[in-house]
Amino acid sequence: MMTPLVTVIIPTYNRKEYLETAIQSVVDQSYKNIEIIVIDDGSTDNYAVSICDKFSNCTYFYKENGGLSSARNYGINLSEGEFIAFLDDDDFWESSKIEKQVKILLENHSVDCVHSSVAVVNEKGELTGSYFGAAQNKIDKRSGYVFWNALGCWVVKSPTPLIRKNVFQSDLLFDETIKVGEDIDFYQRMFYRHKLHYINEPLAFYREHNNTERLSLQLKKYIGIENKMFLNLKKMGIKNPFILHLIAVKLLKKAIKNNNFIYPEAKINISRIHIYLRPDYFLNRYFG
């Protein structure tokens, strides 16, 4: 098998307790042609320097704090690999992850992203018995051109994808104005252009924290993500008004559902006919 270079981008910000475990899981991969780029997104001390110095294929970069999207984009610009993977500083990988994904990308040139399920671990890195991935009857819906079945429903699990570098274009990077839900926006836009392959086994470990301040648990901060997604899809150059209308309808329905779950005392009620007649208007009015 050919062994093209893989770039692994690990953003970190004021969280040193798990970073070495994350890097070690990359170093321990059965696939060896890997460069590791650690992006310190403005941490208050330089803990990551001494950790990165332990590994010969790991390079440390510091930047001013700009958020996760900014750190990932910074890493993309520095990357030399043909394929790119992202790993958060508190997650880690199964040792065969990259080898299995590279093999699929080399054998299937129409596929631009390979992803998988994840196993959930606790703060100590111990398996909880929970998994995130496709239900048995939906495995086939995670591969191919998944845009319509994914829109407003699911995205790839953050520590799992391996992506061809040529996917990342000026209009298909992480939106640095989005501080929570940047994965949702980026991957839905990627789905519009690119074909996926899903591996139905946990190739990564996702660490759940009890910290209630964890961004992904602050559901209220996700309000408005659907309008951002719609605007970013338009910026990608989607011109067909019928396609844009269908996208807006689906995103508006999802936005209303999320809002009414989070704010049951202040529900948004829009008639079905108005949802279908003016979806982009109501997306902007209530979620802009």
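Keep in mind that this is a model prediction, so the values were computed, not measured.

K.L.:
How would you explain the overall build of the protein if you had to name every residue and give the values?
P.N.:
When you go through the protein residue by residue, the secondary structure sums to 10 helices and 9 strands. Here the protein holds 288 residues, and the buried ones make up 52% of them. For the protein, the computed accessible surface area is about 13,800 Å², with 51% contributed by carbon and sulfur atoms. Seen as two clouds, the 36 positive and the 34 negative side-chain charges of the protein have centres 10 Å apart.

K.L.:
Tell me about the pairing of strand β2 (residues 34-41), and please be specific about residues and values.
P.N.:
Burial analysis of β2 places 8 of its 8 residues in the buried class, the great majority of the element. The parallel pair strand β1 (residues 6-12) and β2, bridged by helix α1 (residues 19-27), forms a crossover whose chirality is right-handed. Bridging between β2 and strand β3 (residues 58-63) involves 6 bridges; their strand directions are parallel. Residue pairing in the sheet places aspartate 41 in a bridge with lysine 63 of β3. Tracing the backbone out of β2, into helix α2 (residues 47-52) and back to the parallel element β3 gives a crossover that is right-handed.

K.L.:
Tell me about unusual backbone geometry, and name the residues and values.
P.N.:
Even without being a glycine, asparagine 14 presents a positive backbone phi close to 50 degrees. In this fold, asparagine 14 is placed in the loop between β1 and α1.

K.L.:
Just give me the short version of the nonpolar core, but keep the residues and values in it.
P.N.:
In terms of nonpolar packing, the biggest core is built from 47 residues, with Phe86, Ile163, Tyr187, Met190, Phe191 and Ile247 touching the most fellow members. Broken down by secondary-structure element, the contributors of at least two residues to this core are β2, α3 (68-78), β4 (83-86), α5 (147-150), α6 (182-193), α7 (225-235), α8 (241-262) and α10 (279-287). No other element matches α8, which puts 9 residues into this core. Not counting residues within four places of it along the chain, the set of residues in contact with methionine 190 comprises Cys113, Ile163, Val167, Leu172 and Leu196. Counting 34 residues, the second-largest nonpolar core is a separate cluster that includes Tyr31, Ala85, Ile104 and Leu162.

K.L.:
With reference to specific residues and values, describe the packing of aromatic side chains.
P.N.:
Applying the stated criterion across every chain, the model contains 14 aromatic pairs. Both rings, one in phenylalanine 86 and one in phenylalanine 168, keep their centres 6.0 Å apart while their planes meet at 85 degrees; by these two values the pair is edge-to-face. Residue phenylalanine 86 is found in strand β4, and its partner phenylalanine 168 is found in the loop between β8 (162-164) and α6; the two are separated by 82 residues along the sequence. Judged by centre distance (5.4 Å) and plane angle (45 degrees), the ring pair of tryptophan 154 and phenylalanine 191 falls under tilted. Here tryptophan 154, found in the loop between α5 and β8, pairs with phenylalanine 191, found in helix α6; they are 37 residues apart in sequence, far enough to count as distant. For tryptophan 154, a relative accessible area of 11% gives the class buried. Phenylalanine 191 gets classed as buried once you look at its relative accessible area, which sits at 1%. A network of ring pairs unites the aromatic residues Phe86, Phe168, Phe174, Phe186 and Tyr187 as a single cluster. Positioned above the aromatic ring of phenylalanine 86 is the side chain of arginine 72, whose terminal nitrogen or guanidinium carbon lies 5.7 Å from the ring centre. Over the ring of phenylalanine 174 we find arginine 72; its NZ or CZ atom is 5.1 Å from the centre of that ring.

Calculation notes
- Residues numbered from 1 in each chain as written.
- Predicted model: local features only at pLDDT ≥ 70, side-chain atom pairs only at ≥ 80, totals over all residues.
- Heavy atoms only, no water.
- Helix = DSSP H or I, 4+ residues; strand = E, 2+ residues; numbered from the N terminus.
- Buried < 20%, exposed > 50% of the residue type's maximum accessible area, 1.4 Å probe, protein only.
- Areas by Shrake-Rupley, 256 points an atom, 1.4 Å probe, with all protein chains shown as cover.
- Lys, Arg positive; Asp, Glu negative; His and termini not counted.
- Charge placed at Lys NZ, Arg CZ, Asp CG, Glu CD.
- Right-handed = clockwise from strand over helix to strand, strands pointing away.
- Pairing = 2+ DSSP bridges.
- Core = buried A, V, L, I, M, F, W, Y, C linked by side-chain atoms within 4.5 Å.
- Contact = heavy atoms within 4.5 Å.
- Phe/Tyr/Trp six-rings, centres within 6.5 Å; stacked < 30°, edge-to-face > 60°.
- Lys NZ or Arg CZ within 6 Å of the ring centre and 35° of its normal.

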